[in-house]
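# Analysis of the macromolecular model
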Amino acid sequence: MSICAHSATELKNKIDSGELSSAQVCRAFLDQIERLDEKIGAFIQVDPDQVLRDAEAIDQKRLRGETVGPLSGLPVAIKDNLCTQGQVTSCASKMLANFRPPYDATVIAKLRAADAVLIGKTNLDEFAMGGSTENSAVKQTANPWDVNRVPGGSSGGAAACVAAKMAPLSLGTDTGGSIRQPAAFCGVTGLKPTYGRVSRYGLVAFASSLDQIGPIAANAGDAALLLSAIAGHDALDSTSSPEAVPDYVDVVSQPLTGLKIGLVSEHHGAGVDSEVLSAVDQAVKVFHSLGAEVHEVSFPHSKYGIAAYYIIAPSEASSNLARFDSAHYGYRTDEATMMAELAAEKSANPKGEAESPLIRMYRKSRAEGFGTEVKRRIMLGTYALSAGYYDAYYLKALKVRRLIRQDYDQAFQQVDLVLGPSTPGLPFCLGEMADDPLSMYLQDLCTVGANLAGVPSISIPCGFSKSGLPIGLQLQGPAFAEAKLLQAAHMFQSQTDWHQRHPELP
Ligand code: GLN
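Let me sum up the structure you'll find in this document. (Residues numbered from 1 in each chain as written. Predicted model: local features only at pLDDT ≥ 70, side-chain atom pairs only at ≥ 80, totals over all residues. Heavy atoms only, no water.)

Let's shift gears to the site of the ligand. In the neighbourhood of the ligand, 14 residues make up the surrounding shell, with Thr-175, Gly-176, Ser-178, Tyr-309 and Arg-377 lying closest. Taking Ser-154, its side chain carries an N or O atom lying 3.4 Å from a nitrogen atom of the ligand. Calculation on the ligand without its partners gives an accessible area of 290 Å², and the protein chains cover 99% of this total. The residue inventory of the shell around the ligand, partitioned by class, reads 5 nonpolar, 6 polar and 3 charged. (Near = heavy atom within 4 Å. Polar contact = N/O pair within 3.5 Å; in protein donor to acceptor, adjacent residues only side chain to side chain. Areas by Shrake-Rupley, 256 points an atom, 1.4 Å probe, with all protein chains shown as cover. Nonpolar A, V, L, I, M, F, W, Y, C, P; charged D, E, K, R; others polar.)

With that out of the way, let us pick up the state of the cysteines. What the rule picks out here adds up to 0 disulfides. Left without a disulfide partner, Cys-26 is nearest to the cysteine sulfur of Cys-4, which lies 10 Å away. Unpaired in terms of disulfides, Cys-446 finds its nearest cysteine sulfur in Cys-462, a separation of 11 Å. (Disulfide = S-S within 2.5 Å.)

Turning next to the pattern of salt bridges. Enumeration over the complete set of coordinates arrives at 24 salt bridges. Between Asp-16 and Lys-12 there is a salt bridge, with the nearest N and O atoms lying 3.1 Å from each other. Residue Asp-16 and its partner Lys-12 are both found in helix H1 (residues 8-16); the two are separated by 4 residues, about one turn of the helix. Assessed through its relative accessible area of 18%, Lys-12 is described here as buried. A salt bridge links Arg-64 to Glu-66, with the shortest nitrogen-to-oxygen separation between them at 2.7 Å. For Glu-66, a relative accessible area of 38% corresponds to the partly exposed category. Here the salt bridges do not stand alone but share partners, grouping Glu-341, Glu-345, Glu-355, Arg-360, Arg-363, Lys-364 and Glu-368 into one network. (Salt bridge = Lys/Arg side-chain N within 4 Å of Asp/Glu carboxyl O. Helix = DSSP H or I, 4+ residues; strand = E, 2+ residues; numbered from the N terminus. Buried < 20%, exposed > 50% of the residue type's maximum accessible area, 1.4 Å probe, protein only.)

With 10 of 11 residues buried, helix H7 (residues 220-230) lies mostly within the body of the structure. Those residues of H7 that fall on the buried side of the exposure criterion are Ala-220, Gly-221, Asp-222, Ala-223, Ala-224, Leu-225, Leu-226, Leu-227, Ala-229 and Ile-230. The opening residue of H7 is Asn-219, an N-cap whose side-chain oxygen sits 3.0 Å from the backbone nitrogen of Gly-221. At the exit of H7 stands Gly-232, carrying a positive phi of roughly 130°.

Taking strand neighbours across the sheet as the criterion, the 11 strands line up as E1-E3-E2-E4-E6-E5-E10-E11-E9-E7-E8 in an open arrangement whose pairing is mixed. Of all the strands in the sheet, just strand E1 (43-45) and strand E8 (293-297) have a single pairing partner and so form its edges. Here the average twist between neighbouring strands, direction ignored, is 35°. Sitting on the sheet, helix H14 (residues 391-414) is in contact with strand E7 (260-264), E8, strand E9 (417-421) and strand E11 (470-476), with an inclination near 115° to E9. Docked against the sheet, helix H17 (residues 482-495) engages strand E5 (189-192), E9, strand E10 (457-464) and E11, running at close to 15° with respect to E10. (Pairing = 2+ DSSP bridges. Axes fitted to C-alpha atoms, helices over the stretch in contact; angles between N-to-C directions. Contact = heavy atoms within 4.5 Å.)

The next thing to look at is unusual backbone geometry. At the junction of Gly-153 and Ser-154, the peptide bond is cis and its omega measures out at 10° in the coordinates. Tracing the backbone through its elements, the reader meets Ser-154 in the loop between strand E3 (117-122) and helix H5 (156-163). Backbone geometry places Asp-115, a non-glycine residue, at a positive phi of 65°. Take Asp-115: it is sitting in the loop between helix H4 (106-113) and E3.

Let us look at the pairing of E11. The two faces of the sheet receive side chains in turn, since in a regular strand these alternate between them. Burial within E11 is extensive, with 7 of its 7 residues counted as buried. The alternating pattern of E11 places Pro-470, Gly-472, Gln-474 and Gln-476 and Ile-471, Leu-473 and Leu-475 on opposite faces, both of which are buried. As paired elements, E9 and E11 share 4 bridges and run antiparallel to each other. Residue pairing in the sheet places Gly-420 in a bridge with Gln-474 of E11. Strand direction decides the pairing type here: E10 and E11, joined by 7 bridges, are antiparallel. Residue pairing in the sheet places Pro-461 in a bridge with Gly-472 of E11. The loop that links E10 with its antiparallel partner E11 comprises 5 residues; one of these, Gly-468, has a positive phi angle of about 90°.

The contact between H7 and H17 brings their axes to 8 Å, and the two run at 155°. As far as their axial angle goes, H17 and H7 are roughly antiparallel. Of H17, the residues touching H7 (which contributes Ala-220, Ala-223, Ala-224 and Leu-227) are Glu-482, Leu-486, Ala-489, His-490 and Gln-493. (Parallel < 35°, antiparallel > 145°, perpendicular 65-115°, else oblique.)

As a further point, take the packing of aromatic side chains. Aromatic ring pairs are defined here through the distance separating the ring centres and the angle between the ring planes. What the rule picks out here adds up to 18 aromatic pairs. Summarising the aromatic geometry, the rings of Phe-324 and Phe-370 are spaced 6.4 Å apart at their centres and angled 80° between planes, so their arrangement reads as edge-to-face. Linking Phe-324 in the loop between helix H10 (305-320) and helix H11 (335-348) with Phe-370 in the loop between helix H12 (357-369) and helix H13 (372-385), this pair joins segments that are 46 residues apart in sequence. By relative accessible area, which is 3% here, Phe-324 ends up buried. With relative accessibility at 5%, the residue Phe-370 sits in the buried group. Considering the side-chain rings of Tyr-389 and Tyr-393, the 6.1 Å spacing of their centres and the 35° angle between planes classify their relative orientation as tilted. Three or more aromatic residues joined by ring pairs make a cluster, and in this case those are Phe-99, Phe-127, Phe-324, Tyr-329 and Phe-370. (Phe/Tyr/Trp six-rings, centres within 6.5 Å; stacked < 30°, edge-to-face > 60°.)

Our focus in this paragraph is the environment of Pro-144. Following the sequence through the fold, Pro-144 ends up in the loop between E3 and H5. By relative accessible area, Pro-144 is classed as buried at 3%. In the structure, Pro-144 is positioned 256 residues away from Val-400 in sequence and 37 Å away in space, judged by C-alpha atoms. Sequence-distant contacts of Pro-144, that is, excluding residues within four places in its chain, are made with Ile-40, Ala-160, Ala-163, Ala-164, Cys-186, Pro-503 and Leu-505.

Here we take up the layout of surface pockets. Put simply, the largest pocket is a space of about 390 Å³. Lining of the largest pocket is provided by 21 residues; of these, Ser-7, Glu-10, Asn-219, Asp-222 and His-499 occupy positions nearest its centre. Contributions of two or more residues to the lining of the largest pocket are made by H1, H7 and H17. Along the lines of polarity and charge, the residues of the lining of the largest pocket split into 6 nonpolar, 12 polar and 3 charged. (1 Å grid on protein atoms, 1.4 Å probe; cavity = no way out; pocket = protein on both sides within 12 Å on 5 of 7 lines; lining within 4 Å. Points joined across faces, edges and corners; volume = space filled by probe spheres on them.)

This part covers a nonpolar patch on the surface. Together, Tyr-383, Tyr-389 and Tyr-393 make up an exposed nonpolar region whose accessible area comes to about 290 Å². The class of Tyr-389 is partly exposed, set by a relative accessible area of 35%. (Patch = residues over 30% accessible without salt bridge, like charges linked within 9 Å, V, L, I, M, F, W, Y side chains within 5 Å.)

Put into C-alpha cells, the structure is as follows:
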C-alpha cells in the first residue's frame, strides 16, 4: 500500500512508531501533488522546499527526544481564506492576490503547535462565495471522480485534495455548506463544527454570524484528530466558546447505544435526486442494523432556509467586504491610468464636477479586484440592509432564522441526531450552473440550516450513483454534539466501505 493511501490516523501511528518519518510522508504527498494536481487543480500554492524543511524540523525534534505534538508531522492542506503569516492568503481573489498576512490565524497557530506540516493552500470560490469553486479568480478545480465535474465549493480544493490523496487532512470553512457539500461531492468526510467551537480569528470573514472552520478527512477518526487540534476558546475571537473540548480522538470509536435519529422529512422527497434518496434510505437501514431508532422529524421552516440565508449571508458579506478599499492593502487600480482618465474628463468638461481621485480609486479598484459573484453578493446585501428595505428583508430574515433554530430545538427534544442527504443532487458538470446563480444557490438546500441554527453537522460518504459519483449523508446534532456526530459517523463507517473507495486517477 502506498503511503498516500493510508488514513491520517494510520500515518500518525507509523510516524509515532518510527516506521516512517514526517519527511517521508510529506515527500510522498508532494509527489502525489506533482503527479496529479495539474489535472485536479486543488492547490493554488505549494512550496515543496518549505514543506520538507518543516517536516525535517519535526523529525529532528523527535530524534532529540522532545515531545512531538498530536499531529506528529502530518501534512495538512489549508483553504486559502485562512491567514498564514508571511505567505500569500488570496481568498482566490484578484483583490488579495499579493496579500501576505502579518499573522497566523488561530487555527494555523494551533496546527503548528500540534506539529502539523502545512502542505499548501487550496483553491476556493472567491471569498468562499459559491458552491462549485468555479468562482475562483485563480483557476478551476476538477472533481477527482470525474474531472469534467465540479468538486463542490467553496472548499473545493480542500475536498478534492483529500479525495485524490494529495493530502491526508485539510481545513475548510463552512458558511452555508462549504465543507459538507464539497465533502459529499468528492466522497470524503467533512465536519462543520458548532458556531464558536473553533476560533475564527484570521479567517477572512464572509458572513461572520455563520462562518466556521472545520476538518475534511478520509474518515470520522481522522476528522476527530484534526478537530481536536483546532477546537477551543480563543481570547482573540470573542464569539469562540469557553465550552470544554472533549478528546474527540478518544471518544470517536466508542459506540453509541440507544441512539435516536430523526429523518428530515422535508429533505426526503421533491427536489432531491432519486439516487441520492435511495442511498440515504440504505444508510437508514445501516443505522437500524446498528441498533439505532429512526423516526421522521419535521423542519417546517426549512423551506425558507435558502431565502433567509441569501439575505443574511450577503448582508454580512457586504459589510465585511467594505474593508477592501485598496488603501491599506490589496489590489489597487493602476493610478497613472486613473489620473489620465480624470484629466481627460476634466478637459472634456472643464466646468463639470470631477470625481475625487480617492473615490475613483476605491471604485475602480473594487470594480477590477472583485469577481462577478462577489459583486452580486455585495449588491444584494447592500440592498437588503439599506434604509427602507432593512425591515422587509434583513430583519425578516433574522426572524425566519429564529424559527429555523426553533425547528432544530424541537427536533432535538425527540432525537439525538438528524439525518438526511448532504446535497439535493449529484456533482454537476463544470460550467453547468456557472451562469445560473439561482440554481447554484438551490444546491444549498440541505446545508444552510445548520449554519443558520449554529449547530454542528457532518457529511460522510454513503454511496455512489450508477455513473460512479459519490453521494453524501448529512448528520446534524445539537450545539456542541461534535463527539456524538463523529461517533455516529464512525459507527457507520465501521459497517460500510464507501469512504474507502478511491477515484481512479492516472
Ligand atoms: N454555497 C454557499 C454560498 O455560496 C455556501 C458558501 C460557504 O459555505 N462558504 O454562499
